[in-house]
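# Inside the fold
This is what each chain is made of:
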Amino acid sequence: MSDIHGSSNGISRRAVLKMAAGAGVAAIAAPRFVLAQGDQPVKLGVDNPLTGTYAITGRNELHGMELAVDEINAKGGILGRPAKLIVEDSTSGDAGVAVQKARKLIERDKVDFLVGNVNSGLTMAMSAVAYEKGVFMMDPGGHADPITGENCHWNVYQVDPSTTLLVNAIAPSLVQRFGKKFYFLVPDYAFGHGLLSAYKENLKKLGATNLGADLIPLGTTEYSSYLIKAQAAGPDVIVILQNGEDQTNVLKQAVQFGLDKRFHIAGANIELETLEALPPSSRIGNWVIEWYWNQPDVPHVKEFVAAIQKKTGRVPTARTWFGHTAIHACALAANTAKSLDAVKMARALNGLTLPPEVALQPHPATFRADQHLLIGTLWAGHAQAQGSAADDLFKVDQIIDSQTIAPTVAETGCKMTWPT
């Protein structure tokens, strides 16, 4: 476990004036926002992967969180107190570890917020703990529908798009452009199951056919047997639903097999982390990207990109944006409610539209009332070997307002109840 501190080493106005007087200065302007050194920090407990398949995406979410803490503290903190991250490694796929770490953060570290996880299954396990303990929880990167669907809780918010939103953003165009026969490679846990379910619903509506689906364990490195089965089925589209290092491995092997020359390769979301890790020849297929750094006409994006580049040497990814937004949303909840009471914070964020400097996208980004899923912008397009810059590896074909493709709250299965 490690503590990661924001910029909270401010000094009091009285001390500033005293030092100025001692130097013979008649007057000096104090900083606009000052955090007293003695203030107890507001603790944000991060339970996210730092090892395993999702280590890279977890790391990038953490970079975004760290920047958000610096920005929040520079503007007065949370309720005038410094924000502080307390970080635990959930692992990439062990729900038992994630639950143990969540309980530690809540019971021993006394965090005010719980934040995580990249892995949808771990997110759902953590949200059950947060609900039991009545702690406000922000999900930055676990996509599964039940998080803000049938298993929704009053105290849990979801920054990243649901699996249904991801599939609704791309499935119709795949059928229209490439054909009606589909074969699926599916990671065998909540995220993959949700994507497959959403694809099946879309194929039914569009008159397309599911030729088969293989459920593949998380962390698989050898995909040859699955790729042989996929090509034998004779689909128009092979849909790859893996993520993280799994996504990198399967795309490399699909190209080695020459499948991209005989079938169309597509999926749901693609990570910039994956595209950066792939050789240029393996940057293939049609996908959804959940946030993209190359938005020259959107206010505040340029500044965010520059801040992350200064911190990491690379442009921000969707994961960086997830982490940044998750922490800012926690601060917005508390500062809007003027309280760290979980119920008051949850009510303050219910239906709230993020300010432009946090949303960083062309369409409004709003936490949907009585569901708590962030509805904003999605970008559909295709991978490219290289673009206008070193990290411009995704060609945006369509910018989608998620409100136009989102199921209704009733259709999600969310029936939210609030404490009395």
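Above: the structure in question.
Residues numbered from 1 in each chain as written. Predicted model: local features only at pLDDT ≥ 70, side-chain atom pairs only at ≥ 80, totals over all residues. Heavy atoms only, no water.

### Some points on the state of the cysteines
Tallied over the entire structure, the rule returns one disulfide. Bridging C152 to C414, the disulfide has an S-S length of 2.2 Å. On the sign convention where negative means left-handed, the S-S torsion of about 90 degrees between C152 and C414 marks this disulfide as right-handed. With C152 in the loop between β5 (136-139) and β6 (156-158) and C414 in the segment after α16 (409-412), the pair connects residues that are 262 residues apart, well separated along the chain. Each of the two residues, C152 as well as C414, counts as buried. (Disulfide = S-S within 2.5 Å. Helix = DSSP H or I, 4+ residues; strand = E, 2+ residues; numbered from the N terminus. Buried < 20%, exposed > 50% of the residue type's maximum accessible area, 1.4 Å probe, protein only.)

### So, empty space enclosed by the protein
Scanning all chains against the criterion turns up two cavities of 30 Å³ or more. Considering only enclosed or pocket space, the largest cavity measures out at about 100 Å³ in volume. Together, 15 residues line the largest cavity, and V159, P161, L374, G376 and T377 are the ones closest to its centre. Reported here for the second largest cavity is a volume of approximately 40 Å³. Forming the walls of the second largest cavity are Y54, V118, S120, H143, Y189, F191, N243 and R319. Residues belonging to the lining of the second largest cavity are distributed by class as follows: four nonpolar, three polar and one charged. (1 Å grid on protein atoms, 1.4 Å probe; cavity = no way out; pocket = protein on both sides within 12 Å on 5 of 7 lines; lining within 4 Å. Points joined across faces, edges and corners; volume = space filled by probe spheres on them. Nonpolar A, V, L, I, M, F, W, Y, C, P; charged D, E, K, R; others polar.)

### Observations regarding helix α7 (residues 190-206)
For α7, with 17 residues, the first-to-last C-alpha span of 24 Å sits near the 24 Å given by 1.5 Å per residue. If you check which residues of α7 are buried, you get F191, G192, G194, L195, L196, A198, Y199, N202 and L203. Positive phi shows up at G207, right after α7, with a value of about 70 degrees. (Expected span 1.5 Å × (residues − 1).)

### Looking at the packing of helix α2 (residues 55-74) against helix α12 (residues 301-312)
At a closest axis distance of 11 Å, the pairing of α2 and α12 adopts a crossing angle of 110 degrees. Judged by the inter-axis angle, α2 sits roughly perpendicular to α12. Between α2 and α12 lies a crossing whose hand is right-handed. Contacts between α2 and α12 involve H63, E66 and L67 on the former and, on the latter, F304, A307, I308, K311 and T312. (Axes fitted to C-alpha atoms, helices over the stretch in contact; angles between N-to-C directions. Parallel < 35°, antiparallel > 145°, perpendicular 65-115°, else oblique. Left-handed = near helix turned anticlockwise from the far one by under 90°. Contact = heavy atoms within 4.5 Å.)

### Overview of the packing of α2 against helix α13 (residues 318-337)
When two helices pack together, their arrangement is given by the angle between the helix axes and the distance between those axes. At a closest axis distance of 6 Å, the pairing of α2 and α13 adopts a crossing angle of 40 degrees. Looking at the two axes, α2 sits oblique to α13. Where α2 crosses over α13, the two elements pack in a sense that is right-handed. Of the residues in α13, those in contact with T57, N60, E61, H63, G64, M65, L67, A68, V69, E71 and I72 of α2 are R319, T320, F322, G323, H324, I327, H328 and A331.

### Looking at α12
Spanning twelve residues, α12 covers 16 Å between terminal C-alpha atoms, matching the ideal 16 Å at 1.5 Å per step. Every buried residue of α12 is accounted for by V301, F304, V305 and I308. For α12, the angular spread of the buried residues around the axis is 100 degrees, confining them to a single face. For α12, the exposed residues lying more than 90 degrees away from the buried face are K302, E303 and K310. Those residues of α12 that are buried are in contact with α2 and α13. Note on α12: the residue one or two positions beyond its end, G313, has a positive phi of about 85 degrees. (Arc of directions from axis to C-beta.)

### A short note on the pattern of salt bridges
Inspection of the entire model under this criterion finds 14 salt bridges. Across the salt bridge formed by R314 and E276, the nearest N and O atoms sit 3.3 Å from each other. Of this pair, R314 sits in the loop between α12 and α13 while E276 sits in helix α11 (residues 272-277), and the two are 38 residues apart along the sequence. By relative accessible area, R314 is classed as partly exposed at 40%. Owing to a relative accessible area of 24%, E276 belongs among the partly exposed residues under this scheme. Via salt bridges that share partners, E88, K101, K104 and D109 belong to a single interconnected network. (Salt bridge = Lys/Arg side-chain N within 4 Å of Asp/Glu carboxyl O.)

### So, the environment of T336
As for its placement among the helices and strands, T336 is situated in helix α13. Along the backbone, T336 and S225 are 111 residues apart, and their C-alpha atoms lie at a distance of 53 Å. Those residues in contact with T336 that sit more than four places away from it in its chain are A348 and L352.

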